[in-house]
Amino acid sequence: MKKKLLFMVINMNVGGTEKALINLISEIPKADYEITILMLEKYGGFLESIPESVNIRYLFKYEYLKDLINTPPKQLIMAAFKQKKLVKAMEITFLELITKLQGDKTLYYRYLLRKTPVIEEDFYLAVAYAGPMEFISYFVMKKIKAKKKMQWIHFDVTKIGFNPKFASKVYRKFNKVIIVSDEGKKKLLELVPTIKEKARVSKNIISVQNVVKQSYLGQGFKDEFDGIRILTVGRLSKEKGQDLAIRVLAKLLSEGHNVKWYCIGEGNSRSEYEAMINKYCVKDHFILLGTDPNPYTYFSQCDIYVQPSRYEGYCITLMEAKCFNKPIVATNVNGVNEQIKNGKTGLIVDINEKKLYESIKKLIEDSKLRSKFANNLNLEGRTPNNVESEVNKILDDIV
């Protein structure tokens, strides 16, 4: 009989966490496992990428819960008073006081989900896969029936408003806590040492063969530019560092370098970045391409790949750039030293404009260095990690 696995996520937006999930479930043997993805929202460019064999479910009434989760309690209390719902106002006031005293929201989530029935389907494993989003962690722990439960951490817990008190209380009830990099595990255990025996590292996986195959099916660059093409892939947001890239490009152009910088991705910082692009007069050279579920043709055609992030968990786009033997410049975020050998397969720099500029300029001006990095990556065998062994390690943790 197949073992039933459930992975809970926010949505299937085009992002690293969602791509990591697609990559993972695509490699899990269908003959042995039945997979369900439970989403909070029916949304995202990767919805079409979910294998047909996977069951898709959505959390009932999440739109109602979403407002309650994201709205500050004081606003909810005032709204309840205005609607003359005095009991509700008093309940939320009490919960807000308890939340502040306890330092976490477990009691508040319990209140929100008091009328939500437990999902009684007999899962072998339920995974809170969306990283440290507290609501998903609490829901998997309290509202899904499963023999085993896992928490999966995809982010740098020192950079995203992580609550150690909540984690100490909830994570200890999971059978395993999976972290996607060695550095990420170290940081997590510094904040939550009580889960040391449950913590495991399982790095994100990609199939090099599939990535290269898909590169023949995408659009790629449509302009006739004959200079150096720099590529960055990621959500348009402060943590991904495209603001640093815009300023670096402006400086490179001012020095006469024949370069264009292309960004694939969408996000809530687009309007801010468009204003920056105009401010620094780089409209014809800093190109926002929008989202693309298949960016691999761009990877294959670019000259340099740059990841200017302020924080990551274990960056999948770096793995993808390595599949195409692209010289890389990346900021020193979680997991980067586990992916790139500084000075051998790429350049790892501090998270600031000056260091990014210096390293990118060095690669632009030194074609031999670019060739060196590409050749060294090729010698590594274009294998970011052994997919089969990583999947087997995960399945061993499941069993």
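Described below are features of the structure shown in this document. (Residues numbered from 1 in each chain as written. Predicted model: local features only at pLDDT ≥ 70, side-chain atom pairs only at ≥ 80, totals over all residues. Heavy atoms only, no water.)

On to a nonpolar patch on the surface. Taken together, the side chains of Phe81, Leu86 and Met90 present a nonpolar region at the surface, about 310 Å² in accessible area. Mapped onto the secondary structure, phenylalanine 81 falls in helix 3 (residues 73-82). Looking at phenylalanine 81, the relative accessible area reads 39%, which means it is partly exposed. (Patch = residues over 30% accessible without salt bridge, like charges linked within 9 Å, V, L, I, M, F, W, Y side chains within 5 Å. Areas by Shrake-Rupley, 256 points an atom, 1.4 Å probe, with all protein chains shown as cover. Salt bridge = Lys/Arg side-chain N within 4 Å of Asp/Glu carboxyl O. Helix = DSSP H or I, 4+ residues; strand = E, 2+ residues; numbered from the N terminus. Buried < 20%, exposed > 50% of the residue type's maximum accessible area, 1.4 Å probe, protein only.)

Time to look at the packing of helix 10 (residues 242-254) against helix 14 (residues 353-365). When two helices pack together, their arrangement is given by the angle between their axes and by how far apart the axes lie. In the contact formed by helix 10 and helix 14, the axes pass within 9 Å of each other and the chain directions differ by 50°. One way to sum up the angle between helix 10 and helix 14 is to call them oblique. As for how helix 10 packs across helix 14, the hand of that crossing is right-handed. Within the contact between the two elements, helix 10 uses Leu244, Arg247, Val248, Lys251 and Leu252 and helix 14 uses Glu353, Leu356, Tyr357, Ile360, Lys361 and Ile364. Its residues placed into classes, the contact of helix 10 with helix 14 shows 7 nonpolar, no polar and 4 charged. (Axes fitted to C-alpha atoms, helices over the stretch in contact; angles between N-to-C directions. Parallel < 35°, antiparallel > 145°, perpendicular 65-115°, else oblique. Left-handed = near helix turned anticlockwise from the far one by under 90°. Contact = heavy atoms within 4.5 Å. Nonpolar A, V, L, I, M, F, W, Y, C, P; charged D, E, K, R; others polar.)

On the basis of which strands lie adjacent, the open sheet formed by 6 strands has the order 10-9-8-11-12-13 and parallel pairing. The open sheet terminates on both sides in strands that have one partner only, identified here as strand 10 (286-290) and strand 13 (347-349). Averaged over all neighbouring strand pairs, the angle between strand axes comes to 20°, with direction disregarded. Across 3 bridges, strand 12 (residues 328-331) lies against strand 13 in parallel orientation. By the bridge assignment, alanine 330 is partnered in strand 13 with isoleucine 348. This element, helix 13 (residues 316-323), spans strand 8 (228-233), strand 11 (304-307) and strand 12 of the sheet and lies at about 170° to strand 11. (Pairing = 2+ DSSP bridges.)

Below, the discussion takes up the pattern of salt bridges. Pairing between side chains of opposite charge can happen when their charged atoms approach one another. This model, assessed by the stated rule, comprises 23 salt bridges. A salt bridge links lysine 4 to glutamate 121; its shortest N-O distance comes to 3.3 Å. With a gap of 117 residues between them, lysine 4 in strand 1 (residues 3-9) and glutamate 121 in strand 4 (residues 119-128) connect regions that are remote in the sequence. Three or more residues joined by partner-sharing salt bridges are found here, namely Lys238, Asp243, Arg247, Arg310 and Glu353.

Take the side chain of asparagine 294 next. Assignment of secondary structure puts asparagine 294 in the loop between strand 10 and helix 12 (296-301). Residue class for asparagine 294 comes out buried when judged on its relative accessible area of 15%. Of the polar contacts made by the side chain of asparagine 294, one reaches the backbone nitrogen of tyrosine 296; its length is 3.3 Å. Excluding residues that lie within four positions of it along the chain, asparagine 294 makes contacts with Gln214, Leu217 and Gly218. (Polar contact = N/O pair within 3.5 Å; in protein donor to acceptor, adjacent residues only side chain to side chain.)

Here we take up a positive patch on the surface. A contiguous patch of positive charge on the surface is contributed by Arg110, Lys142, Arg172 and Lys173. Structurally, arginine 172 can be placed in the loop between helix 7 (164-170) and strand 6 (176-179). (Lys, Arg positive; Asp, Glu negative; His and termini not counted. Charge placed at Lys NZ, Arg CZ, Asp CG, Glu CD.)

With that settled, the discussion passes to unusual backbone geometry. The backbone phi angle of lysine 61 is positive, close to 65°, even though this residue is not glycine. Structurally, lysine 61 is set in the loop between strand 3 (55-58) and helix 2 (62-70). Judged by its relative accessible area of 54%, lysine 61 falls in the exposed class. Despite not being glycine, cysteine 281 has its phi angle at roughly 55°, a positive value. Taking the relative accessible area as the measure of exposure, cysteine 281 reaches 67% and is therefore exposed.

Okay, the packing of helix 3 against helix 4 (residues 86-102) next. Between helix 3 and helix 4, the shortest axis-to-axis distance is 8 Å and the interhelical angle comes to 160°. Taken together, the axes of helix 3 and helix 4 are roughly antiparallel relative to one another. Relative to helix 4, helix 3 is oriented so that their crossing is left-handed. Residues Pro73, Leu76, Ile77, Ala80 and Phe81 of helix 3 form the contact with helix 4, whose own contacting residues are Leu86, Lys88, Ala89, Ile92, Thr93 and Glu96. Partitioned by chemical class, the residues of the contact of helix 3 with helix 4 number 8 nonpolar, 1 polar and 2 charged.

Next up on the list: the layout of surface pockets. Empty space left among the atoms is revealed by rolling a probe the size of a water molecule over them. In this structure, the largest pocket encloses a volume near 1200 Å³. Contributing to the lining of the largest pocket are 47 residues, with Gly16, Thr17, Glu18, Phe155 and Arg235 lying nearest its centre. Only helix 1 (16-27), helix 7 and helix 13 provide two or more residues apiece to the lining of the largest pocket. Ranked by the residues each element gives to the lining of the largest pocket, the list is headed by helix 1, at 4 residues. Considered class by class, the residues forming the lining of the largest pocket number 20 nonpolar, 18 polar and 9 charged. The space that makes up the second largest pocket amounts to roughly 480 Å³. Contributing to the lining of the second largest pocket are 21 residues, with Lys61, Leu65, Leu112, Lys115 and Thr116 lying nearest its centre. Taken together, the elements giving at least two residues each to the lining of the second largest pocket come down to strand 3, helix 2, helix 4 and helix 5 (106-112). (1 Å grid on protein atoms, 1.4 Å probe; cavity = no way out; pocket = protein on both sides within 12 Å on 5 of 7 lines; lining within 4 Å. Points joined across faces, edges and corners; volume = space filled by probe spheres on them.)

With that out of the way, let us pick up helix 9 (residues 208-215). Residues Val208, Val211, Val212 and Ser215 constitute the buried set of helix 9. Projected onto a plane normal to the axis of helix 9, the buried residues spread over an arc of 95° and lie on a single side. Exposed and facing more than 90 degrees away from the buried side of helix 9 are Gln209 and Lys213. Contacts made by the buried residues of helix 9 are with helix 12 and helix 13. (Arc of directions from axis to C-beta.)

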